[in-house]
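# Report on the structure
Now for the letters of each chain:
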Amino acid sequence: MRKRLWAVSAAAVTAAGLGVVVTAEAAPSVSATFTQSSVWDSGYGGRFALANTGDTASTSWTVEFDLPSGTTVSNSWSSVMTKTGQHYKFTNTSTNGKIKPGGTTGFGFNAAGLGLPSGCSVNGAPCGGGTPTTTPTTPTSTTTTSTTTTTPTTTSSPSPGDTINVSTTAQLQAALAAVNPGQTIKLAAGTYHGSFQTSRAGTAAKPISLTGSGAILINDGPAGDPPECPAPTAGWDSGYGLWLYNAPYWNLSGFTVRESKKGIVADNSPHTVIDGVTVDHVDEEAVHFRKSSSDSLIRNSKISYTGLVQPGYGEGVYLGSAGSNWGCHGNSGGVDKGDRIQVIGNHFGPYIAAEAIDVKEGTFNGLIRGNTFDGQGVTGENSADSWVDVKGIGYTIEGNTGTFTTPGKFANGYETHNPGTTPAYPNGCGNVWRDNKSDLGGVGEYAIKITSVSQCKEQPNVVYASNTVTRAVKGLTNAPVTP
């Protein structure tokens, strides 16, 4: 034991009646397709994909639609949004108005409320309808509690052949190596010691599930010489409790990971759903969405006692990678694009040695909602002295509750930083805080510390007056407060 996410022709309706694709007749020929990228109990993420099927390049685009009463757009990206009542208008930015023939672009938004767009138009041509063309890639809520408990969407109840029952380490390792889309690996209660990794990919229609109440995964490694960049290598044990490598569309639920170098690592594994998992007593970080593991979700989970060996690297949830590590993990144009990841309804702490959530540079448009942060035991090492550090762009941080009590080194509840990167991004900008409750224990200075206002003039960070703070040395925030 160690200490350690309407389209096709103008008149076409899909066979299932789920969408309409409209092509604007004004040259060039631009089409707009709406999908939901994710859904939670009180909102969803939406995306419009724009494609130019004409013979000349577009120079600009405009998409308009209505939302029903009770649903609003809380934030958006890759577009300029204006609204009149429930009517929304999105136009291109300075960088994505031109679409070459055969080319594509798009924009996205997060909605508060579950109403879908209607009366859509692209460049003035009516879209019609309003039901998304695809089902959500992350689960819809089926159960709600005070901690926003939800049930993940998987395939229908599997037949016996769709379930792989395991009760030993060898059986689990064999299942991880051979599981097929749509199957569920079901862990019997008990402790599993060993190296657990997979590169088996699920699909949107048939995700792969790993589940097991009372099951504990422990990796007693690592062993052997590691490669220059982490990748499954013969003779080397990563020490990770569970490693998804090139393995998208996995649903993980019910089990515990502990006493490992890292807890759960998702590398190039987008659409990973972690629901109701416990990670504790690990050497470094508990959960890492790395190498562009975008459109993923962790919810209803518990994380504590991290960084037992390397405190400065003991994050609870780590989104993306530092720019200095893009050489290894920057698999999307040289960038680790861990975009649109949601962290919802989790409990963090105590004794998370670094930040409960570390949002790295170059990541966009995530959601951090309804979490509880217990800051006791944060070490302050490697500048890890807050619940959440946001270096990403366009995040919504809302409805969270944070406390701090000694021992620990605590500076602020939430912080932003603006590291430079190549390619350049407005890192640490365009983020929104609302409805967060902070108790700084008489130690922390600000609930929300915005490191630089000047560096975010084009995409300012927004702190709403709905945030509250108690026992702060200096107050709610050092930035202007929006009513």
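Residues numbered from 1 in each chain as written. Predicted model: local features only at pLDDT ≥ 70, side-chain atom pairs only at ≥ 80, totals over all residues. Heavy atoms only, no water.

Per an unreviewed UniProt entry, the chain carries the name Right handed beta helix region and comes from Amycolatopsis xylanica.

### Comments concerning the pattern of salt bridges
Applying the stated criterion across every chain yields a total of 15 salt bridges. Taking the shortest distance from any N to any O, the salt bridge between Asp358 and Lys360 comes out at 3.4 Å. A network of salt bridges, in which partner residues are shared, links Lys261, Lys262, Glu284 and Glu285. (Salt bridge = Lys/Arg side-chain N within 4 Å of Asp/Glu carboxyl O.)

### Digging into a nonpolar patch on the surface
Among the surface-exposed residues, Tyr305, Leu308 and Val309 lie close enough to one another that they form a single nonpolar patch of about 240 Å² accessible area. Topologically, Tyr305 is positioned in the loop between β25 (302–304) and β26 (317–319). We classify Tyr305 as partly exposed; its relative accessible area is 30%. (Patch = residues over 30% accessible without salt bridge, like charges linked within 9 Å, V, L, I, M, F, W, Y side chains within 5 Å. Areas by Shrake-Rupley, 256 points an atom, 1.4 Å probe, with all protein chains shown as cover. Helix = DSSP H or I, 4+ residues; strand = E, 2+ residues; numbered from the N terminus. Buried < 20%, exposed > 50% of the residue type's maximum accessible area, 1.4 Å probe, protein only.)

### Structural notes on the side chain of Asn219
Following the sequence through the fold, Asn219 ends up in the loop between β16 (215–218) and β17 (240–245). You can call Asn219 buried: its relative accessible area is 1%. A distance of 3.1 Å separates the side chain of Asn219 from the side chain of Asp237, its partner in a polar contact. (Polar contact = N/O pair within 3.5 Å; in protein donor to acceptor, adjacent residues only side chain to side chain.)

### Here's the deal with the nonpolar core
Leu172, Trp250, Phe255, Ile264, Val287 and Ile357 are the most contacted members of the largest nonpolar core, which has 59 residues in total. Here the element with the most residues in this core is helix α1 (residues 169–178); it accounts for three residues. One finds Ala32, Tyr44, Val63 and Phe107 within the second-largest nonpolar core, a separate group that totals 19 residues. (Core = buried A, V, L, I, M, F, W, Y, C linked by side-chain atoms within 4.5 Å.)

### Overview of the state of the cysteines
Within the structure shown, the criterion is met by two disulfides. The disulfide that involves Cys229 links it to Cys328, with 1.9 Å between the sulfurs. The chirality of the disulfide connecting Cys229 with Cys328 is left-handed, given an S-S dihedral of about -70°. Of this pair, Cys229 sits in the loop between β16 and β17 while Cys328 sits in helix α2 (residues 326–329), placing them 99 residues apart in sequence. A sulfur-sulfur distance of 2.0 Å marks the disulfide that ties Cys429 to Cys456. One disulfide, between Cys429 and Cys456, carries an S-S torsion of -70° and so falls in the left-handed class. Of this pair, Cys429 sits in the loop between β35 (414–416) and β36 (432–434) while Cys456 sits in the loop between β38 (446–449) and β39 (462–464); the two residues are 27 residues apart in sequence, bridging distant segments of the chain. When the bonded cysteines of the chain are counted from the start of the sequence, the pairing works out to 1-2, 3-4. (Disulfide = S-S within 2.5 Å.)

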